[in-house]
Amino acid sequence: MTDVLEAKLVRRGRFSEDRKWTIAESELGGRGVFASCDIASGELVFADLPILYGPKQSSDLVACTSCSDISRPLRKCSKNCHLPFCSDECEIDESHKKECCYLSSLNLTEDEWSPYIFRALTLIRSLLMSDDDREVVKHLHANRGRQVDIQVSSLLSLLGNTLSEKDVSWVRHCCGVLDGTAFEIELKDSATSLKGLFPLSAMMNHNCVPNTRHLYADRVDGYRMEVVASQPIPKGTQIFTSYCPLLWATSLRRTFLLHTKHFQCKCERCKDPSEFGTNLQAVKCSCESIMLPKDPLNFNSEWKCEHCGELRSAKHNISIQKSLRNLNALDKSMPEHNYIRIQMKIDHVFKKTKGMHLEDITDEELRTVSEDCMMILKLIVQLKLGNTRFKGRLCERLSKVSDEMNRRCFQMDTREMGDFIECGRTIENEDQRALQNTW
Ligand SMILES: C[S@@+](CC[C@H](N)C(=O)[O-])C[C@H]1O[C@@H](n2cnc3c(N)ncnc32)[C@H](O)[C@@H]1O
């Protein structure tokens, strides 16, 4: 079974004989992608073209169907397919031809461009997929449940009686596959993003300490996904991605994964209450020491103070987190390394260094931003996360902070900072190399 899928993926993706991956049964259940040779950190593991992509069904923003621009005025397609475009050039784009013919033939009764048709476009495109692509998608993991039912219903209310039973069951499958395996394609020059189904990447299982990062080529290169090793991957090891943000604490990651991907993660990081000594999910006890769950794999586990042994129910801690409305309350209940406080520091660093114009911030702010950057980077190292994209971005910001500190003749620990700045350059170079890989 895994051989059949691998052969289909290879044929479609035009992967070479010396590819570095193979599909095999995973001990996590289902299938996974495994390294078929030793892969060094920074090496391109594979590149994957989307088999299906388009707007997110939940998106509030309506963008040009072809270029995803949201800044220019939109108008409907002149062929009456009711999709929005920002220019004639975008309207005649090759990628739009098939769906334009299909939608125009339905004679839908909309006057202008329709946000509903726009949001349903990814599923509409699934109906227009080639037989070869359908053969691959048939084998992919599909979620079931309310979310899928809602999305299929809204498509049916648009196209209802034009679809055969076979079409509806295909759309339901595709909707489940998108829900369970699609990635968010970040767009360089737009505030919006797309949903993309990448058939090989869709086979990657999750780990809270993944060994890859990924990035996307531009629209002209078909939004190709480049999967790069974020740490060394020995031959035979499973190739992992992460389905959720890496600096979330265990309780939040596991809840998110359970609700959106329907599994309970039991990776090494999840099993360790202290998350490799970072205490990312710790809360403060009344004695000012920290409390952690006794069994982090059990959502209902009691939390225990490391110092005085006080016990608290999981529910109690959740209600404390929900009641945090201001900084004072946060200070009182959360130790410095709690993930909520880390998230606030991250937001602060990115806000202050936005646009990279640091000349206007005060000396004190500059020092705080530099200390926060270093703290978060050390946390990433402690969590064994390797060279993630987020680390790359943070190192880039740190480099600008360091330039500004130099300009102001500040004293700083240049060696440690220099190592991170160098690491940022390495990540940037590796990503550029991955993007130049000719398909
Ligand atoms: C994108 S698919 C990954 C490929 C999938 N294993 C397959 O056989 O097609 C996502 C699904 O794989 C399973 N999965 C992924 N990571 C997992 C993990 N760490 N532990 C348990 N199940 C996992 C879950 O069923 C999840 O909904």
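Relevant structure appears above.
Summarised in this report is the structure supplied together with it.

Here is what the cut-offs are and how they apply
- Residues numbered from 1 in each chain as written.
- Predicted model: local features only at pLDDT ≥ 70, side-chain atom pairs only at ≥ 80, totals over all residues.
- Heavy atoms only, no water.
- Near = heavy atom within 4 Å.
- Polar contact = N/O pair within 3.5 Å; in protein donor to acceptor, adjacent residues only side chain to side chain.
- Areas by Shrake-Rupley, 256 points an atom, 1.4 Å probe, with all protein chains shown as cover.
- Helix = DSSP H or I, 4+ residues; strand = E, 2+ residues; numbered from the N terminus.
- Nonpolar A, V, L, I, M, F, W, Y, C, P; charged D, E, K, R; others polar.
- Domains from an automatic or database assignment.
- Buried < 20%, exposed > 50% of the residue type's maximum accessible area, 1.4 Å probe, protein only.
- Pairing = 2+ DSSP bridges.
- Axes fitted to C-alpha atoms, helices over the stretch in contact; angles between N-to-C directions.
- Contact = heavy atoms within 4.5 Å.
- Parallel < 35°, antiparallel > 145°, perpendicular 65-115°, else oblique.
- Left-handed = near helix turned anticlockwise from the far one by under 90°.
- Salt bridge = Lys/Arg side-chain N within 4 Å of Asp/Glu carboxyl O.
- Expected span 1.5 Å × (residues − 1).

## Re the site of the ligand
- Neighbouring residues of the ligand: 15 residues in total, closest Arg31, Ala202, Asn205, His206 and Lys261.
- Within the side chain of Arg31, an N or O atom sits 2.7 Å from an oxygen atom of the ligand.
- Contacts to the ligand include His141, whose side-chain N or O atom sits 3.2 Å from an oxygen atom.
- About the coverage of the ligand: the protein hides 90% of its 560 Å² of free accessible area.
- Residue assignment for the shell around the ligand shows that the elements contributing at least two residues are α7 (165-181) and β9 (205-206).
- Considering only residue class, the shell around the ligand consists of six nonpolar, seven polar and two charged.
- Here the shell around the ligand gathers at least three residues from each of two domains, domain 1 (2-49 + 198-241) and domain 2 (52-188).

## Digging into unusual backbone geometry
- For His262, which is not glycine, the phi torsion reads 60° and is therefore positive.
- Relative accessible area serves as the criterion here: at 44%, His262 is assigned to the partly exposed category.
- Its identity is not glycine, yet Cys409 carries a phi of approximately 55°, on the positive side.
- Looking at the element boundaries, Cys409 is found in the loop between α14 (389-407) and α15 (414-436).
- Using a relative accessible area of 69% as the deciding quantity, one classes Cys409 as exposed.

## Brief notes about the sheet that holds strand β15 (residues 303-305)
- In spatial order, the strands read β13-β14-β15-β16; together these four strands make up an open sheet with antiparallel pairing. If you trace the sheet from one side to the other, it starts and ends with β13 (283-284) and β16 (311-312), each paired once.

## Some details on the sheet that holds strand β10 (residues 212-216)
- On the basis of which strands lie adjacent, the open sheet formed by three strands has the order β3-β11-β10 and antiparallel pairing. Each edge of the open sheet carries a strand with a single partner, namely β3 (44-48) and β10. Within the sheet, the average angular offset between the axes of one strand and its neighbour, ignoring direction, is 20°.
- One ladder, built from five bridges, connects β10 with strand β11 (residues 225-229); its direction is antiparallel. For Leu215, the partnering residue across the bridge sits in β11 and is Glu226.
- Together, β3, β10 and β11 form the strand contacts of α15, whose direction differs from that of β10 by roughly 60°.

## A word on the packing of helix α12 (residues 339-352) against helix α13 (residues 363-382)
- Closest axis-to-axis distance for the α12/α13 pair is 9 Å, and the angle between their directions is 130°. By the angle between their axes, α12 is oblique relative to α13. Helix-helix and strand crossings are classified by hand; for α12 and α13 the assignment is left-handed. Every residue of α13 that contacts α12 at Ile342, Lys345, Ile346, His348, Val349 and Lys352 is listed here: Glu365, Val369, Asp372, Cys373, Met375, Ile376 and Leu379.

## Considering the pattern of salt bridges
- Per the stated rule, a full pass over the model turns up 32 salt bridges.
- The partner of Glu6 in a salt bridge is Arg19, with the nearest N and O atoms 2.7 Å apart. Pair noted here: Glu6 is in helix α1 (residues 2-13) and Arg19 is in the loop between α1 and β1 (21-25), with a separation of 13 residues, a long-range link.
- Note that Arg407 is salt-bridged to Glu404, the shortest N-O span being 2.7 Å. Here Arg407 and its partner Glu404 are both found in helix α14, three residues apart, which amounts to about one turn of the helix.
- Because the salt bridges share partners, they merge into one network encompassing Asp363, Glu404, Arg407 and Arg408.

## Digging into α13
- Compared with the 28 Å implied by 1.5 Å per residue over 20 residues, the 29 Å span of α13 between its first and last C-alpha is a close match.
- Within the sequence span of α13, burial applies to Leu366, Val369, Ser370, Asp372, Cys373, Met374, Met375, Ile376, Leu377, Leu379 and Ile380.
- Downstream of α13 by a residue or two, Lys384 has a phi angle that is positive, lying close to 60°.

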